[in-house]
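In case you want the letters, here they are:
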Amino acid sequence: MSVTLRAHAKINLTLDVLARRPDGYHEVEMIMQSIELHDTLNFNIAQKDITLMVTGLPVPEGADNLVLKAAHLLREFSGTELGATISLNKKIPVAAGLAGGSTDAAATMLGLNQLWNLGLQRDDLMGLALQLGADVSFCLLGGTAIARGIGEVLSPLASAPRFGVVLVKPSFGISTKDVYQNLSLDNLGLRPNTSAMVRALGEGNLKQVAGELVNVLESVTIQIKPELNELKTKLKKAGCQGVLMSGSGPTIFGLTADMKSAVEVAKGLDLPDCQVLVTGMI
Ligand code: ATP
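Residues numbered from 1 in each chain as written. Predicted model: local features only at pLDDT ≥ 70, side-chain atom pairs only at ≥ 80, totals over all residues. Heavy atoms only, no water.

If you look the protein up in an unreviewed UniProt entry, it shows as 4-diphosphocytidyl-2-C-methyl-D-erythritol kinase from Desulforamulus aquiferis. The protein has a UniProt comment under Catalytic activity (unreviewed entry) that states "4-CDP-2-C-methyl-D-erythritol + ATP = 4-CDP-2-C-methyl-D-erythritol 2-phosphate + ADP + H(+)". According to the UniProt record, the Sequence similarities (unreviewed entry) comment for the protein reads "Belongs to the GHMP kinase family. IspE subfamily." (UniProt positions renumbered as here; feature names shortened; annotations may be inferred.)

Mapping His8 onto the fold places it in strand E1 (residues 2–20). Here the alpha-carbon distance between His8 and Pro161, two residues 153 residues apart in the chain, equals 17 Å. Setting aside residues up to four positions removed in sequence, His8 forms contacts with Ile35, Glu36, Leu37, His38, Ile92, Thr103 and Ile282. Separated by 2.9 Å, the side chain of His8 and the backbone oxygen of Ile35 make a polar contact. From its side chain, His8 meets the backbone oxygen of Glu36 in a polar contact 3.2 Å long. (Helix = DSSP H or I, 4+ residues; strand = E, 2+ residues; numbered from the N terminus. Contact = heavy atoms within 4.5 Å. Polar contact = N/O pair within 3.5 Å; in protein donor to acceptor, adjacent residues only side chain to side chain.)

What follows deals with the site of the ligand. Near the ligand lie 19 residues; those nearest to it are Leu66, Ala95, Ala99, Gly101 and Asp135. The backbone of Leu66 places a nitrogen or oxygen atom 2.9 Å from a nitrogen atom of the ligand. For the ligand, the accessible surface in isolation is 610 Å², of which the surrounding protein chains cover 75%. The pocket occupied by the ligand, as judged from atoms lying within 2 Å of grid points, is the largest pocket. Broken down by element, the shell around the ligand gets its largest block of residues, four residues, from helix H2 (residues 100–115). Split into classes, the residues belonging to the shell around the ligand amount to nine nonpolar, five polar and five charged. (Near = heavy atom within 4 Å. Areas by Shrake-Rupley, 256 points an atom, 1.4 Å probe, with all protein chains shown as cover. 1 Å grid on protein atoms, 1.4 Å probe; cavity = no way out; pocket = protein on both sides within 12 Å on 5 of 7 lines; lining within 4 Å. Sits in = over half its atoms within 2 Å of the grid points. Nonpolar A, V, L, I, M, F, W, Y, C, P; charged D, E, K, R; others polar.)

Next up, the structure:
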């Protein structure tokens, strides 16, 4: 038996930070959106061991990989003694603010639940998700959703319009920890209006959606990497209606009416030091 699943990346259409918790985590409110860009995972039954092989972009293949962490967590929780041979074809840029590791972890739980015939419900998997990372819960659900708490309290929204997305990933990475450490809760600047974004998405109005794109982490990351501002300007000039940093960055995304116009925008970009990807909201 063999199971193959796509693990989709996400962007943040809004990201607000509400409070710092005593345990160091932050309470957030954000609108998360799945995009077409995905990794592909294949699961095959094995007698005992769980092994991982990675192709595509380089990520660690050892115990640190979130795929293996998710697989071992699920095996422990379910009590099964079965093993699995897992292959991961990595396409989502790594440490980019696109939840690449989290979506692989979510797909691993869904895939092994099927492969091992565990019959676990989504709620069981949701309970495990938080042990793997704050974005894993959303990745289990996918689509469009408001995420609160530290990202695990989800309110699904109606399907969003299939706007085109141009992703620009600079060659440098950014540490999420550094960004949060530099964030001053007394001085967040412009805050997102979550209900206005929900309305704009419901109306399918790209101009309104573009006007509501706000991420309070953006100015913090731009302070660390000022060149991100130039990337934003270039994306706007090339024809994106709205432009924002995803998560804690450094990926910048631009929205267009559809995938076809996203392809046109990408053609007009001259960014030799960046990875440019065309995708779409799903
Ligand atoms: P988020 O948007 O959830 O903050 P991210 O897109 O910024 O995530 P990831 O791509 O998930 O970041 O990578 C973060 C770290 O996780 C990297 O240092 C990477 O080595 C490690 N990692 C472990 N497993 C994976 C995986 N399957 N895919 C990508 N990164 C992984």
